[in-house]
Amino acid sequence: MQLHPRHFGRDLRDKLVAKLMKDVEGTCSGRHGFVVAITGIENVGKGLIRDGTGFVTFPVKYQCVAFRPFKGEILEAVVTMVNKLIPDDMEFVSGDVPNYTTSDGSVKIQKDSEVRLKIIGTRVDATEIFCIGTIKDDFLGVISDPGATS
């Protein structure tokens, strides 16, 4: 963790923890998953002054809540994009709001719909995790439809 010299003082540890939370929470590591929240600081090591900058690098050991999806896991998700990968029992409808609709119109999946899905595959990069899922199983599918009227 790098810290500028202006933050040095009696509240150095608090500044370090605040910067750690700001920089780490919400990030993704392919190895550990998405860092949801930092829950504790185990150790802050001695700082090492960086030549020419004055910045100090502190080794920080911390505990966190992490989320890493795995194959076979059931998740609830929000649809962010609708493309033409069409499920067998649904029809792709293009237009202002592209969506999948069943032949009888009873189910519609569009952007911002909430769905329960089962992960059938994952791909891990250094800073991202990609998943592909299915809604073809018992108890899976649309949870809420933003286009439905109450």
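Everything below is about the structure printed above this text.
I will try to describe carefully the structure that is included in this document. Note that the structure is predicted; figures quoted are calculated from it, not measured.

Concerning the packing of aromatic side chains
Inference 1: Within this structure, the stated rule accounts for 2 aromatic pairs.
Inference 2: Between the aromatic rings of Phe-34 and Phe-67, the centroid separation amounts to 6.4 Å while the plane-to-plane angle is 25 degrees, which identifies the pairing as stacked. Here Phe-67 lies in strand β6 (residues 60-67) and Phe-34 lies in strand β3 (residues 33-44), a separation of 33 residues in the sequence.
Inference 3: Considering the side-chain rings of Phe-92 and Tyr-100, the 6.1 Å spacing of their centres and the 65 degrees angle between planes classify their relative orientation as edge-to-face. You'll find Phe-92 and Tyr-100 in the same group, each marked buried.
Inference 4: Looking at Arg-123, its charged tip hangs above the ring of Phe-130, at a distance of 4.3 Å from the centre.

Digging into the sheet that holds strand β4 (residues 48-49)
Inference 1: One open sheet accounts for 3 strands, arranged β1-β5-β4; its pairing is antiparallel. Of all strands in the sheet, those with a lone pairing partner are β1 (2-3) and β4, marking the two edges.
Inference 2: As defined by bridge partners, β4 adjoins strand β5 (residues 56-57) across 2 bridges and the pair is classed as antiparallel. Residue pairing across strands places Leu-48 opposite Thr-57, the latter belonging to β5.

Considerations on the pattern of salt bridges
Inference 1: The final tally for this structure, using the stated rule, is 6 salt bridges.
Inference 2: Taking the shortest distance from any N to any O, the salt bridge between Asp-23 and Lys-19 comes out at 2.6 Å. Within this pair, Asp-23 and its partner Lys-19 are both found in helix α1 (residues 12-24), separated by 4 residues, close to a single helical turn.
Inference 3: For Asp-23, a relative accessible area of 32% translates into the label partly exposed.
Inference 4: The class for Lys-19 is partly exposed, based on a relative accessible area of 27%.
Inference 5: Of the charged contacts in the structure, one is a salt bridge between Glu-76 and Arg-116, with a shortest N-O distance of 2.7 Å. Here Arg-116 lies in strand β11 (residues 114-124) and Glu-76 lies in strand β7 (residues 74-78), a separation of 40 residues in the sequence.
Inference 6: Overall, the relative accessible area of 29% leaves Arg-116 in the partly exposed class.

Calculation notes
Starting afresh in each chain, residues are numbered from 1 along the sequence in its written order. Per-residue local features are limited, in this predicted model, to residues with pLDDT of at least 70; the limit for side-chain atom pairs, both in listing and counting, is 80 or more; totals at the level of whole chains, interfaces and linings are taken over all residues. Think of the side-chain values as coming from all heavy atoms in the structure, minus any hydrogens and water. Working definition: rings of Phe, Tyr and Trp (its six-membered ring) pair if their centres are within 6.5 Å, and the pair is stacked with planes under 30 degrees apart, edge-to-face with planes over 60 apart, and tilted otherwise. Helix and strand assignments come from DSSP, with helices taken as H or I runs of at least 4 residues and strands as E runs of at least 2, each series counted from the N terminus. Buried, partly exposed and exposed residues are distinguished by accessible area as a fraction of the type maximum, computed with a 1.4 Å probe on protein chains only: under 20%, between the cut-offs, and over 50%, respectively. Whether a charge lies above a ring is judged from NZ of Lys or CZ of Arg, which has to be within 6 Å of the ring centre and within 35 degrees of the ring normal. Between any two strands, at least two bridges found by DSSP are needed for them to pair. The working definition used for a salt bridge is a side-chain nitrogen of Lys or Arg within 4 Å of a carboxyl oxygen of Asp or Glu.

Bear in mind that shape data such as this cannot, by itself, settle questions of function.
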